[in-house]
Amino acid sequence: MLEQLTTRIQAWASRLAGRGTLSAKEIDEALAQVRVALLEADVHHAVVEQALDRIKARAAETKVAESISAGDRMATLVGEELARLLGERQHPLKLSPQPPTVIMLVGLQGSGKTTTAGKLARLLKRQGRRVLLVAADPRRPAAVEQLQTIGRQLLIDVAGEPSEQDAVALCRRAIERAQARATEIVIIDTAGRLQIDDALMAEATAIKQAVSPQEVWLVVDAMMGQEAVATAQAFSSAVGVTGVVMTKLDGDARGGALLSIRAVTGLPVTYIGTGEKSEALELFHPDRMASRILGRGDLQSLMERVAALDASKESGKSAAAALQRGGLTLEEFRKQLSHMNTLGSVAELLAMVPGAGKLAGALPEGAAEQQMTRASAIIDSMTLQERRRPELLNGRRRQRIAKGSGTSVQEINQLMRQFQDAQRMMKQVGGRGGRDGLRRLMGK
């Protein structure tokens, strides 16, 4: 996410790294480069100028310790200002002392409200909460059916019928239903429009007055740029918004909306959508995002993502068991590829590792994911016996597997070399100390 801005900021920081001193002229030149990076990222011009004024003032009044170069200090100041623009601290969900806690999602059509409602419901359910989804968008064709489908996939209850036209009455009944069933969280997916109009605002206001939600979160598309900021201002003024959920940050968003919306509207970003999968919704941490933009990674979020996987403990146990058996099978290798894929794109994961962000930019788009998909297809085309005894894979068998998986014999040979490398690595840590360490690492 925000690749273009990250690349420019990292290049700027690299040029300053290790510089012992910076003159006033050099500071101005450095900040001019930051200005260009932020403006090209579509950050609101007033926000940019105010941010640069604060950085310049702090740079002038701050004494640099002997152990820290002036260049590194400037990079730190920019990072702190980015975190300030993004909101400085994470804003957790406000829970009602008397359940249910009601979250009302508002926004324009196409911003991703319904998908976000499902992602949020999944996340809260995984935290042990009882959740009710409310399909309060009677006008958009198939909106109710879409949320009902999401609810069935996640095994989450959904209130609403396609024939229901009174969204306010529907929301009232949903709250009563939640109270009767001791439901902890109610998520209301309200109607949207292609553009802001009085009818949209009036309906949203009426629903808010009827159910008194603890949170009113505006869902905006990061691809909208500064239009997202204008949308936030309009909804905040007409309805009263407590936070923003920004979607599609995995796309070609330049980052301007994310960096501007808090400074212009005062509204905190609560969650960000980072992909199409149901698990691709993250709590927004301003300091971590600033660290990513500076190329310093975000290991904490990466570890949380690993820990959140349902399959992670199972994966760790099976990998540790493979060590105890003295080897790694192709079946286990296939499982590990699958678990890696659920963590996110390779480029996204690399961006979370300090110093590895540049590697993500060097990868052809989707190349690593395509390679994992081909590897999985190859292993799936093998018989059970072949997966357990890869030494059986002679030339004739490899030709059959290549035809069945839509790949080539050369790709199968390459995969087998990678598998053999993985086997050797497993054996190298196969001593007792290595096994114990791997079990602890993988959660057994």
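Here we summarise the structure given alongside this text. (Residues numbered from 1 in each chain as written. Predicted model: local features only at pLDDT ≥ 70, side-chain atom pairs only at ≥ 80, totals over all residues. Heavy atoms only, no water.)

Structural notes on the overall build of the protein chain
Put simply, the test is: Here a strand is any run of E in DSSP of at least two residues, a helix any run of H or I of at least four, and the numbering for each starts at the N terminus. Exposure is judged per residue with a 1.4 Å probe applied to protein chains only, and the accessible area is read against the type maximum: over 50% gives exposed, under 20% gives buried, and values in between give partly exposed. In this analysis, two residues are considered to be in contact whenever any of their non-hydrogen atoms come within 4.5 Å of each other. Computed by Shrake-Rupley with a 1.4 Å probe, the accessible areas treat only the displayed protein chains as cover when residues are assessed.
Regarding its fold elements, the protein chain presents 21 helices and eight strands. A buried classification covers 48% of the 444 residues belonging to the protein chain. In the protein chain, the proportion of contacts linking residues at least 24 apart, taken out of those at least 6 apart, comes to 74%. Working note: accessible area of the protein chain is about 21500 Å², and carbon and sulfur atoms make up 51% of it.

A look at the sheet that holds strand E2 (residues 131-136)
The line we're drawing: Two strands are said to pair when DSSP picks up at least two bridges between them. For helices, the fitted line uses only the C-alpha atoms of the stretch in contact; every axis is such a line through C-alpha atoms, and the angle between N-to-C directions lies from 0 to 180 degrees.
If you trace the eight strands from one edge of the open sheet to the other, you get E3-E2-E4-E1-E5-E6-E7-E8, paired in mixed fashion. Lying at the two open borders of the sheet, with one neighbouring strand each, are strand E3 (157-159) and strand E8 (281-283). Neighbour-to-neighbour, the strand axes of this sheet turn through a mean angle of 25°, independent of strand direction. The strands touched by helix H8 (residues 198-211) within the sheet are strand E1 (101-106), E2, strand E4 (185-190) and strand E5 (215-221), with E1 carrying the most contacts at an inclination of about 180°.

Regarding the packing of aromatic side chains
What counts, and what does not: Ring pairs are drawn from Phe, Tyr and Trp, using the six-membered ring of Trp, whenever the two centres fall within 6.5 Å, and their geometry is named by plane angle: stacked under 30 degrees, edge-to-face over 60, tilted for the rest.
For the coordinates displayed, the defined rule picks out one aromatic pair. Ring centres of Trp-217 and Tyr-271 lie 5.5 Å apart, and the angle between their planes is 50°; this geometry places the pair in the tilted category. Linking Trp-217 in strand E5 with Tyr-271 in strand E7 (residues 269-273), this pair joins segments that are 54 residues apart in sequence. Take Trp-217 and Tyr-271: they sit in the same class, and that class is buried.

A look at the side chain of Thr-101
Tracing the sequence through the fold places Thr-101 in strand E1. In this view, Thr-101 contacts Leu-93, Lys-94, Leu-95, Ser-96, Glu-184, Ile-185, Val-186 and Gln-214; residues no more than four positions away in its chain are not counted.

Points about the pairing of E7
Counting buried positions over the five residues of E7 gives five, a clear majority of the element. In terms of strand pairing, strand E6 (residues 243-247) meets E7 through three bridges, oriented parallel. Its bridge partner being in E7, Val-245 is matched across the sheet by Tyr-271. Two elements, E7 and E8, share three bridges in a ladder whose sense is antiparallel. Paired with Gly-273 across the bridge in E8 is Leu-281.

Re the pattern of salt bridges
Rules: Each salt bridge in this description consists of a side-chain nitrogen of Lys or Arg and a carboxyl oxygen of Asp or Glu lying within 4 Å of one another.
Counting across every chain of the model gives 14 salt bridges. Its salt-bridge partner being Lys-56, residue Asp-28 comes within 3.0 Å of it at the nearest N-O pair. Residue Asp-28 is located in helix H2 (residues 24-40), and its partner Lys-56 is located in helix H3 (residues 45-61); the two are separated by 28 residues in the primary sequence. One salt bridge in this structure joins Glu-391 and Arg-389, with 3.1 Å as the shortest N-O distance. Taking relative accessible area as the criterion, Arg-389 reaches 39% and is therefore assigned partly exposed. Because the salt bridges share partners, they merge into one network encompassing Arg-54, Glu-81 and Arg-84.

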